[in-house]
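Below, each chain spelled out in residue letters.
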Amino acid sequence: MSRVLLLRHSKAEKAGPGMRDFDRPLEERGKKHAAAVGEAMAAAGLLPDLVLCSPARRTRETWEGVRGALAGAADDVRFPDALYHSDAQGYIDTIRAAGPVGSVLVVGHNPMIAETALMLAAHGDPKALSSMRSRFPTSALAVIGFDTPLADISPGAGTLETWLARD
């Protein structure tokens, strides 16, 4: 009935002298990985209705790389501050408040993105769940399905449908 796609931003540069964490850009390989995630999403037909993206530079750049490969990508893109400042429960609250859409892509940060995936997905392929639980690398994507609207999602009620992660 609804689907949450959780994407950890791609590989970012280390903060240089005087650079805020918020302003860190993607490395070149991070840009390539973001485009590859977009291509994988397009090939799998994973086109979100809404995108919730942290306002940090590295998450915005990740979304831009993903969007470049998604023909017909969501026009509704929002940048809630909560995706930079909050914990996993804040991510879930932000998703619940997204409105009546069938699928949402969340582009965020670790450890929150991994913790959100772990809180939501209790079911799915055991090997994929084990892999997700052991490591949620940059550019990893967890697609979690629910039998309820997004406004009613709850911890443990989701099924991990897809797990895409670089080795």
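Preceding this section is the structure that the text describes.
First, a word on what this report is: a plain description of the structure on this page.

Rules and cut-offs
Residues numbered from 1 in each chain as written. Predicted model: local features only at pLDDT ≥ 70, side-chain atom pairs only at ≥ 80, totals over all residues. Heavy atoms only, no water. Helix = DSSP H or I, 4+ residues; strand = E, 2+ residues; numbered from the N terminus. Pairing = 2+ DSSP bridges. Contact = heavy atoms within 4.5 Å. Axes fitted to C-alpha atoms, helices over the stretch in contact; angles between N-to-C directions. Salt bridge = Lys/Arg side-chain N within 4 Å of Asp/Glu carboxyl O. Buried < 20%, exposed > 50% of the residue type's maximum accessible area, 1.4 Å probe, protein only. Parallel < 35°, antiparallel > 145°, perpendicular 65-115°, else oblique. Nonpolar A, V, L, I, M, F, W, Y, C, P; charged D, E, K, R; others polar. Phe/Tyr/Trp six-rings, centres within 6.5 Å; stacked < 30°, edge-to-face > 60°.

**Considerations on the environment of Ala43**
(1) Moving on: Tracing the sequence through the fold places Ala43 in helix 1 (residues 28-43).
(2) Moving on: For Ala43 and Ala69, which are 26 residues apart along the polypeptide, the C-alpha to C-alpha distance reads 9.6 Å.

**Quick notes on the sheet that holds strand 6 (residues 141-146)**
(1) Moving on: On the basis of which strands lie adjacent, the open sheet formed by seven strands has the order 3-2-4-1-6-7-5 and mixed pairing. Where the open sheet ends on each side, the last strands, each with one partner, are strand 3 (77-78) and strand 5 (121-124).
(2) Moving on: Of the pairings in the sheet, the one linking strand 5 to strand 7 (residues 158-164) comprises three bridges and is parallel in character. Each bridged residue has a counterpart across the sheet, and for Gly124 the counterpart in strand 7 is Leu160.
(3) Moving on: Each of strand 1 (2-8), strand 2 (50-53), strand 3 and strand 4 (103-108) is contacted by helix 2 (residues 57-67), which is oriented at about 135 degrees to strand 4, the strand it contacts most.
(4) Moving on: Contacting strand 1, strand 2 and strand 4, helix 4 (residues 88-96) runs over the sheet at an angle of about 145 degrees to strand 4.

**A few points about the pairing of strand 7**
(1) Moving on: In terms of strand pairing, strand 6 meets strand 7 through five bridges, oriented antiparallel. Residue pairing across strands places Ile144 opposite Leu160, the latter belonging to strand 7.

**Notes on the pattern of salt bridges**
(1) Moving on: For the coordinates displayed, the defined rule picks out 10 salt bridges.
(2) Moving on: With its nearest N and O atoms 3.0 Å apart, the salt bridge here joins Arg24 to Asp21.
(3) Moving on: Here Arg78 and Asp76 are joined by a salt bridge, their closest N and O atoms 2.9 Å apart.
(4) Moving on: Look at Asp76 and you get partly exposed, because its relative accessible area is 31%.

**Quick word on the packing of helix 4 against helix 5 (residues 112-120)**
(1) Moving on: Running from N to C, helix 4 and helix 5 cross one another at 70 degrees; their axes reach a closest spacing of 8 Å. Classified by the angle their axes make, helix 4 and helix 5 are roughly perpendicular. Of the residues in helix 5, those in contact with Ala88, Gln89, Tyr91 and Ile92 of helix 4 are Met112, Ile113, Glu115, Thr116, Met119 and Leu120.
(2) Moving on: Its residues assigned to classes, the contact of helix 4 with helix 5 shows seven nonpolar, two polar and one charged.

**A short note on unusual backbone geometry**
(1) Moving on: For the bond from Asn110 to Pro111, the omega torsion is 10 degrees, close enough to zero to count as cis.
(2) Moving on: As for its position among the elements, Pro111 is in the loop between strand 4 and helix 5.
(3) Moving on: Although it is not a glycine, Ser139 sits at a positive phi angle of roughly 65 degrees.
(4) Moving on: Relative to the elements of secondary structure, Ser139 occurs in the loop between helix 6 (126-134) and strand 6.

**A few points about the packing of aromatic side chains**
(1) Moving on: The full count for this structure, using the stated rule, is two aromatic pairs.
(2) Moving on: The interplanar angle of 85 degrees and the centroid separation of 5.0 Å between the aromatic rings of Phe22 and Tyr84 together place this pair among those described as edge-to-face. Note that Phe22 is positioned in the loop between strand 1 and helix 1 and Tyr84 in helix 3 (residues 82-85), a separation of 62 residues in sequence.
(3) Moving on: Between Phe136 and Trp163, the ring centres sit 4.9 Å apart and the planes meet at 65 degrees, which makes this aromatic pair edge-to-face. Taken together, the residues Phe136 in the loop between helix 6 and strand 6 and Trp163 in strand 7 connect sequence positions 27 residues apart.
(4) Moving on: For Phe136, a relative accessible area of 6% puts it in the buried group.

Nothing here speaks to function; it is geometry throughout.
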